[in-house]
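# Close look at the chain arrangement
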Amino acid sequence: MTTTSTIAADQCADTVLRGERWRRGFQVRHRPTDRPFAGQIPTLCLVLASLLLAPRTGATAEHRPDFVNPPEIKSENGVLETELIVAPHTIVVGGEKVTTNLYNGLFAPPTLRLNPGDTLRLKLTNQKGEGENTNVHYHGTNVSPLAPGDNAFVTIRPGESYQYVIDFPKDHPQGLFWYHPHWHSTTEYQIGSGLSGLISVDDVLAPWPELKDITERVMILRDIQIKHGRVPNPPDPGDPTMRLVNGLRNPTIPIKPGEVQLWRVGNIGADIYYDLEIEGHKIYEIARDGVRNTQPMIYDHLLLPTSSRSEFLIVGGEPGQYIFRTREIDMGPAGDPHPKTTLGTLVVSGPKQTGIKLPEIFPGLQDLRTVTPCCKRVFDFSETPDGEQFCINNVQTDMSVVNTRVRIGCVEEWTINNCAAENHVFHHHQLQFQVVKKNGKDVPFTGWQDTVNLDYRAADKKHPNRCKCGSDGNCTGCTCPTADDPQGSVVVLVPYLDPVITGNSVYHCHIGEHEDNGMMQIISVSPDAGRCEPGTPSSVDREKIASTERASCLKRRKKDHDDHAALDRFAADLLASWCSARNAGATGVASFSPWKR
Ligand SMILES: [Cu+2]
């Protein structure tokens, strides 16, 4: 059924994963919550199903559908038990008929709602019947990567089921996460088919009880390409696509003048970005990628790279209709077109609301710049001139190789360089990191995130040595960022602090096409690694290599996904040995002080 070993994350849970976990909670996390969903009765609203199955006539003002949240499944008594069945269904989406693989027949599948400390028991059944393997990754969650947890290396073949059991730590960040297939080499197609949904770890509004009764709008941003009634396998991110909100084309979103609403938005499509804008309205972001900001962030428009989530407040303006859209995005000369597109229509009407103030006091969060990093590493993201193959540090994904070994208990500094003439999106599993520098400039500390955009490089008059691109998007002579020309580089501080993330996971570009074609590597997080294990080039090593050499992308045949079984067993053994050492009284695995956040 699955190729992974079956050591459970809770094998030493009493002493390590639950009892002696590093305290890292927001002080506010322990406040009682009186949000309406705190009662926790399993509920699967099927309202959306009927909406999705009904023929739709398009996006004219007269025929705009009403906005509806995705259905929800909530935890009860600390457990969320559910089954997702992946199977082909024929539906009408955005006015077009398509036969595609869906979770439980829904283009907007249920939001899984649970609380810190809860256990998610999710049975995934693969009924795709097309010879396609699948699995589920729980994006952004700070949980164990070992089977039967959030293990991206599990294989669930057609006709098989797999029982995931995932313990969410008691101090898990409260916010928006998501689930999607992570079966390397077909991830893009599977997400593009309609396979992704949201996870809400409640309650993001806990620090602000005055907001507890405001209307909450949960939004799945996902596009679909339909050709001859099917989703192309794989989709081409350069082709025209239909952008939808919860499977709806240009829905009407009502709000009263002065009313404060919480919008929880996830870009959970396969490849594309959004640059969100609501005419006449500001975006007051309170959380990014499932972690609250340290201060209110106010935007006229908000870039959401693939896989990012933003939770923000909006305040209804003067009565009228306002377009909710994504602006046009410049993805670079080698990138795909991302044209301006209407997503929905905000309709402001009704009696004026008053009395709710936007929050100004935010919970604390550790500024990781106060910590001396154990290790500094550099990762160069490059691609072949034709933009077909993608590399990290000059090699494509090899599912049988651990590329990076880090020690639990460390904060590391990673410099991630975009050496290509199109944007990439860096994502790291199991944690959030802090961005401290972008394109050579210091970034103020406003929070943590699990995805970050890497700006493209392209030649201009001042920088003739960057990529030179033809009108066909083919680019040659690309170089990686340097100290003198840092365009495209991002420096992040990565906290490998929580022993629950011990094991093997991955970091990669979250543009599905790029990940499937080589831009992903395997990381082993263990107590046994050296503080700066050789293997990944350090920043010092990298300075000796010319940026032109670093920009190459060697094609390496991807090995079969199943080769990973041995590595998973290896990680499980490591955790087991570490658990027994801790149980015997050995300490010092992580000497970092408790988190302040
Ligand atoms: Cu990419």
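First things first, this report covers the structure right here in the doc. (Residues numbered from 1 in each chain as written. Predicted model: local features only at pLDDT ≥ 70, side-chain atom pairs only at ≥ 80, totals over all residues.)

Moving on to the sheet that holds strand S18 (residues 309-315). Picture the strands of a sheet paired through backbone hydrogen bonds; they go either parallel or antiparallel. The 6 strands are arranged S11-S10-S13-S18-S15-S16 in an open sheet whose pairing can be described as mixed. The open sheet has two edge strands, strand S11 (242-245) and strand S16 (291-299), and neither has a second partner. The mean inter-strand angle of the sheet, taken between neighbouring strand axes irrespective of direction, is 25°. Pairing geometry for strand S15 (residues 283-288) and S16, over 5 bridges, is antiparallel. Counted as the bridge partner of Tyr284 is Ile298 from S16. (Pairing = 2+ DSSP bridges. Helix = DSSP H or I, 4+ residues; strand = E, 2+ residues; numbered from the N terminus. Axes fitted to C-alpha atoms, helices over the stretch in contact; angles between N-to-C directions.)

Once that is clear, we can look at the pairing of strand S14 (residues 274-278). In the case of a regular strand, side chains alternate between the two sheet surfaces. Burial within S14 is extensive, with 4 of its 5 residues counted as buried. Pairing analysis gives 4 bridges linking S14 to strand S17 (residues 301-304), with the strands arranged antiparallel. Paired with Asp275 across the bridge in S17 is Leu303. Across 3 bridges, S14 lies against strand S19 (residues 320-326) in antiparallel orientation. Looking across to S19, one finds that Glu277 is bridged to Arg325. (Buried ≥ 20, exposed ≤ 12 C-beta atoms within 10 Å, placed from the backbone.)

A few words on the sheet that holds strand S24 (residues 410-418). Pairing is mixed across the open sheet formed by 6 strands, whose spatial order is S22-S21-S24-S31-S26-S27. On the outer flanks of this sheet lie strand S22 (390-392) and strand S27 (441-442), each paired with one strand and no other. The pairing of strand S21 (residues 375-383) with S24 spans 7 bridges and is parallel. Bridged to Asp380 within S24 is Asn417.

Look at the link from Ala147 to Pro148: it is a cis peptide, with omega at 10°. With respect to the element layout, Pro148 can be found in the loop between strand S6 (137-139) and strand S7 (161-167). Cis geometry is found at the peptide bond from Asp202 to Asp203, where omega equals 20°. Positive phi values are uncommon outside glycine, yet Ser307 reaches one of about 85°. Inspection of the secondary structure puts Ser307 in the loop between S17 and S18. For Asn394, which is not glycine, the phi torsion reads 75° and is therefore positive. For Asn394, the position within the fold is in the loop between S22 and strand S23 (404-407). Look at Asn394 and you get partly exposed, because 17 C-beta atoms sit within 10 Å.

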